[in-house]
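Listed below are the residues making up each chain.
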Amino acid sequence: MDDNRIVELFFNRDESAIEQARGKYGRYLSTLLYNILGDRDDCEECENDTYFRAWNSIPPTRPTSLIAYLSKIARNLALDKLRDEKKRPALKTALILDEISEIIPDSSVDLCDELDLRDIMRDFVRRLDPIRRKIFLQRYFYMLSVKEIAREVRMPEGTVKAQLFRIREALRDYLKERGIEI
Amino acid sequence: MKDKKIIRALDGVDEEFLLYAMPKKKNYNLTKILSVAASFVIVIGAVIALVLSGVLNGNGGGIVPIPDGGNHGADEGGVVKSPFASADSDYSSLVAIIDRFKNQDDSWMDEDFEVEEDGGVPPATDAPNAPGDSNVSSKPGININGEYVENTDNQVSGIIEGDLMKMTDKYIFRISYPFAESEKNTYYCLKVYSVEKENSALVSEYIIPDFGGRIITLGWEMYLSQDANVITLIFRYRDAEGESRTGVVSLDVSDVENIKETASFSVNASGFSSRMTDGRLLLFCQSYYLKSKIDTSDYSTFIPSVRVGDEIYFINPDNFVLPEDIENSYEASYTTVIMANEKGLDIIDAVSLLGYTSNEYVSENNLFISRGYTEKTYFDEVNGSFESVSDISVIGYSENGFNIKGVVTLPGTIKDQYSLDEKDGHLRVVTTTRCGSLVRPHDYWLALGSTRNASLYVVDLSDNSIVASVENFAPEGEEVSSARFEGDKLYVCTALIRLFTDPVYFFDLSDYSNITYTDTGFIEGFSTSLIDLGEGYLLGVGSEDSIHVKLEAYKKEGNSVVSVSKMLIPGGYSNEYKAYFINREHNLFGFAVRYLVDEQNGRYENGYFLVQLDGESLRVIDIIPVDGLGHAIVRAAMVDGYLYITTYLDFVVKKIEI
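Residues numbered from 1 in each chain as written. Chains lettered and ligands numbered in written order. Predicted model: local features only at pLDDT ≥ 70, side-chain atom pairs only at ≥ 80, totals over all residues. Heavy atoms only, no water.

A few words now on the overall build of chain A. Scanning chain A for helices and strands turns up 9 helices and 0 strands. Mapped in sequence order, the helices and strands of chain A form the string α-α-α-α-α-α-α-α-α. Put simply, chain A has 182 residues, and 65% of those count as buried. At a minimum sequence separation of 6, the contacts of chain A that also span at least 24 residues come to 66%. Element-wise, carbon and sulfur atoms account for 47% of the exposed surface of chain A, whose accessible area totals about 6,500 Å². (Helix = DSSP H or I, 4+ residues; strand = E, 2+ residues; numbered from the N terminus. Buried < 20%, exposed > 50% of the residue type's maximum accessible area, 1.4 Å probe, protein only. Contact = heavy atoms within 4.5 Å. Areas by Shrake-Rupley, 256 points an atom, 1.4 Å probe, with all protein chains shown as cover.)

Structure follows, in structure tokens:
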């Protein structure tokens, strides 16, 4: 069933919307969550909460891409779980967070609330060329390993690592230009 | 954890980018998740629906289709023209390009490809707040017949740059951190401090209007009029529909304890920079329109516009600079330049450049707006070459408005505004050049082998011809990290930034038929800013390595450039030029640093370093603790031996012993 029809089910408050969404994207979401959480039970809980949140927000929200919408919800739920329950992330995620911690702002980022940071990151990603954008998002949104990204984009792993380094450097400069810096 | 903040902030990324990046292959073990019982779905039906904001499309509201509005300027032929469209305006040329843009073949973006590991460069990033230099030698804030003298170190004398702090001899005006009325309501404010040495104090606070939306923190610019009676504020905000806009507000500050708003307008733009000259504001706005959201039958989806009160005015189609095509992008981008009177904010003229989102440089006579792109040439069905190129649009300006003069095309990309300079009818430009091979169908610039270097070009503006050049003067692979023109002198720092090496070049431009230069050779570290201190000394501000800030003073000695003194500070700094305090009278330099105070325990503190080039030796005069220290937003000025430092949260006055 295509996304528009699934979204219509949500709008019509037809509970089969959940099953349709799960059937189409459940495996993908569980993998995304497992990348972050590394625990099967936590994944299951977050995936269920994802559909719960989607049911509560559609309508009035009408996502243009259902999978992107569900992915965002799932990611945030997983990150909330790590924060609230002080859980250790999956090793893969821990490594990814370490990479980002190289360029994160210090106290200055508190001057920039989350909505501002979303604007900034959105603008930064827009400025990347398509390949770098893909690599960046696969690493920091989809939490893929370097090896997995290298397979996706068919580049040597060393090249992917180098590209990620340069993108992080560019992000650091971008944040600095906007008053957020180490 | 702040690292999770960054990760979380990615949920604001455009959905089409997320879809494109979504993993296609099953690269990991999938674990089967047991289905949730149907009873859980039944429980959901009892929950209260939430309204979520964010993510979605939205056109700006309140659109009035093409009224006849705005002030009118005259072109060189004396014909009165309007900055805005009228009922019979014709956008067909723009629409044709946008339609081609929407229909361009993006299928190559989905194809896999094989690329060798390369030594290519990251894409050039914009540097809207780039470093600069100045001819200003007067002390800041001196009261001359009730006026003020600029405390911001401007690139060109008389072309004022917006800043977070402006001052007279009596008052300091400072954009400040959100004023919290309550937990829910926070506002940005203009703070006014008295300039009274140890007795300096906060005089008043004015809450800045937010156009009924939500002000975005970063990138404020402020101006103070020559008579010190008018403040102009420029900032980004989100309107009630969630659209990014740039707002301009004029305040009457003739009575600092009774500040009033007198005029305003806004532009549908998500980025900006500006200048003020002869009582006229030049506002450069960056607008982006996603391809997927463009509907050429609805101007609001692809044409920049100005909102004054409840009225919306689209830029006059005669005032567009259009390239042949815009390619390989998900969005149509514009730089729109608006000229308005400082007092009253009446709009005199407006021009819009499609595809331009790079740098702008303003001389006494012209605006220069650059656009970087990749030019490709194919030899056969498979093989080709590419070259990075910049178009520089030359736009004259006067009290009547703008005069579009033409476009100069040069090899390479331009780092920032300081890489351009106009003198005596010639435009001098420093670029990072890059070229290499391409292989179809994957003709990205990230390609099989490429060269990179730094070059200098001199253009005769009477006919836009290149009359002199020095190409590839740096070691192969290097790029321009900073540049500074000072009359007939040019200073350039090139670097392989990952390797922290840094030749500094001194060019003599007094004779374009015989341009000569010398350099330091390879030295440790690189500079992100070059500051001419006068008397032959140049100060470089940058990094020695990944953990040390570097200040290094250079001078020309015979046929070479030598380092006379270097200071290393373990820690981090900002490359925001306006955050630097520069006093050439006493060879003083000040900036904020997060520095290591306890090496054993790895403890850092924030401090404002005041450094002097004393003879040929850099020495620290003082380290002043300052609160609320975002390094890029600190500002300082010295008056009568006292240093006044302001941040979003703090105001410090310190007597300086030199």
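Still to come is the rest of the account.
Within chain B, the secondary structure is distributed over 4 helices and 42 strands. Of the contacts formed within chain B by residues at least 6 apart in sequence, a portion of 55% connects residues at least 24 apart.

As a further point, take the packing of aromatic side chains. Counting across every chain of the model gives 32 aromatic pairs over all chains. Taking the centre distance of 5.7 Å and the plane angle of 70° together, the rings of Phe124(A) and Phe136(A) count as edge-to-face. With Phe124(A) in helix α6 (residues 114–127) and Phe136(A) in helix α7 (residues 130–140), the pair connects residues that are 12 residues apart, well separated along the chain. Overall, Phe124(A) belongs to the buried group, its relative accessible area being 2%. Overall, Phe136(A) belongs to the buried group, its relative accessible area being 0%. A connected cluster of aromatic rings, assembled from ring pairs, spans Tyr91(B), Tyr289(B), Tyr299(B), Phe302(B), Phe314(B), Phe320(B) and Tyr334(B). (Phe/Tyr/Trp six-rings, centres within 6.5 Å; stacked < 30°, edge-to-face > 60°.)

Right, let's get into helix α2 (residues 16–37) of chain A. All names here are of chain A. With 22 residues, α2 extends only 28 Å from end C-alpha to end C-alpha; this falls clearly short of the ideal 32 Å at 1.5 Å per step. If you look at α2, its biggest bend is around 65°, right at Tyr25. Following α2 by one or two positions, Gly38 adopts a phi angle in the positive range, close to 70°. (Expected span 1.5 Å × (residues − 1). Bend = angle between axes of the 7 residues up to and from the residue.)

Attention now moves to the state of the cysteines. Under the counting rule described, the total for this entry stands at 0 disulfides over all chains. Residue Cys43(A) stays outside any disulfide, its sulfur separated by 7.3 Å from that of Cys46(A), the closest cysteine. (Disulfide = S-S within 2.5 Å.)

Residue and element names in this part refer to chain A. Looking at chain A as a whole, the pLDDT averages 79, with 81% of positions reaching at least 70. When mean pLDDT is compared element by element in chain A, α7 scores highest at 90, while helix α5 (residues 91–101) scores lowest at 69. Throughout residues 105–111 the model reports pLDDT below 50, and contacts reaching past four residues in sequence, or to other chains, amount to 24 contacts. (pLDDT = per-residue confidence, 0-100.)

Attention shifts here to the nonpolar core. Core analysis: the largest hydrophobic core is formed by 71 residues, its most contacted members being Phe124(A), Phe136(A), Leu137(A), Tyr142(A), Val160(A) and Leu10(B). Element by element, the count of residues in this core is highest for helix α4 (residues 66–84) of chain A, at 11 residues. Here Val160(A) is in contact with Ile135(A), Val146(A), Ile149(A), Ala150(A), Val153(A) and Met155(A), once residues within four sequence places are set aside. Of all hydrophobic cores here, the second largest spans 40 residues; its members include Ile98(B), Ile294(B), Ile315(B) and Ile326(B). (Core = buried A, V, L, I, M, F, W, Y, C linked by side-chain atoms within 4.5 Å.)

Turning next to the pattern of salt bridges. One pass over the full model with this rule turns up 24 salt bridges over all chains. When the shortest N-O distance is used, the salt bridge between Asp424(B) and Lys423(B) registers 3.1 Å. For Glu552(B), the salt bridge is made with Lys550(B), and the minimal N-O distance between the two is 2.8 Å. Overall, Lys550(B) belongs to the buried group, its relative accessible area being 0%. Each member of the salt-bridge network shares a partner with another, and the members are Glu19(A), Arg22(A) and Glu47(A). (Salt bridge = Lys/Arg side-chain N within 4 Å of Asp/Glu carboxyl O.)

Relative to the assigned elements, Thr61(A) resides in the loop between α3 (40–57) and α4. For the pair formed by Thr61(A) and Val7(A), sequence separation is 54 residues and the distance between their alpha carbons is 9.6 Å.

The subject of this paragraph is the packing of α7(A) against helix α8 (residues 146–153) of chain A. Residues and elements named next belong to chain A. Contact pair α7 / α8: the axes reach a minimum separation of 10 Å and the direction vectors enclose 145°. Every pair of crossing elements has a handedness; the one defined by α7 and α8 is right-handed. Every residue of α8 that contacts α7 at Lys134, Ile135, Gln138 and Arg139 is listed here: Val146, Ile149, Glu152 and Val153. (Axes fitted to C-alpha atoms, helices over the stretch in contact; angles between N-to-C directions. Left-handed = near helix turned anticlockwise from the far one by under 90°.)

Now for the sheet that holds strand β30 (residues 504–508) of chain B. All names here are of chain B. Read across the open sheet, the 4 strands follow the order β28-β29-β30-β31; overall the sheet is antiparallel. Bordering the open sheet on either side are β28 (479–486) and β31 (516–519), each of which pairs with just one other strand. Across the sheet, the mean angle from the axis of one strand to that of its neighbour is 20°, orientation sign disregarded. Both strand β29 (residues 489–495) and β30 contribute to a ladder of 5 bridges, which runs antiparallel. (Pairing = 2+ DSSP bridges.)

Quick look at the sheet that holds strand β42 (residues 651–655) of chain B now. The strands that make up a sheet are held in pairs by hydrogen bonds between backbone atoms, and each pair lies either parallel or antiparallel. Residue and element names in this part refer to chain B. Strand order in the open sheet made by the 3 strands is β40-β41-β42, with antiparallel pairing throughout. Two strands close off the open sheet at either side, each with one partner strand: β40 (635–639) and β42. Strand-to-strand twist in this sheet, taken as the mean axis angle between neighbours without regard to direction, amounts to 20°. The pairing of β40 with strand β41 (residues 642–646) spans 5 bridges and is antiparallel.

Before going further, it helps to spend a moment on the packing of α2(A) against α3(A). Each pair of packed helices gets described by two things: the angle between the helix axes and the distance between those axes. All names here are of chain A. Taken N-terminus to C-terminus, the directions of α2 and α3 make an angle of 135°; their axes are 9 Å apart at the nearest point. The pairing of α2 with α3 is recorded here as oblique in orientation. Relative to α3, α2 is oriented so that their crossing is right-handed. Along its contact with α2, which presents Ala17, Ile18, Ala21, Arg22, Tyr25, Gly26, Leu29, Ser30, Leu33, Tyr34 and Leu37, the element α3 presents Arg40, Asp42, Cys43, Cys46, Glu47, Asn48, Thr50, Tyr51 and Trp55. A class-by-class count of the residues in the contact of α2 with α3 yields 12 nonpolar, 4 polar and 4 charged. (Parallel < 35°, antiparallel > 145°, perpendicular 65-115°, else oblique. Nonpolar A, V, L, I, M, F, W, Y, C, P; charged D, E, K, R; others polar.)

Residue and element names in this part refer to chain B. Counting through the fold element by element, Thr646 comes out in strand β41. Linking Thr646 and Phe173, residues 473 residues apart in sequence, is a C-alpha distance of 9.7 Å. Aside from chain neighbours lying at most four places away, what touches Thr646 is Met165, Ile172, Arg174, Ile633, Val634, Arg635 and Phe651. Here the side chain of Thr646 touches Arg174 through a polar contact of 2.9 Å, side chain to side chain. (Polar contact = N/O pair within 3.5 Å; in protein donor to acceptor, adjacent residues only side chain to side chain.)

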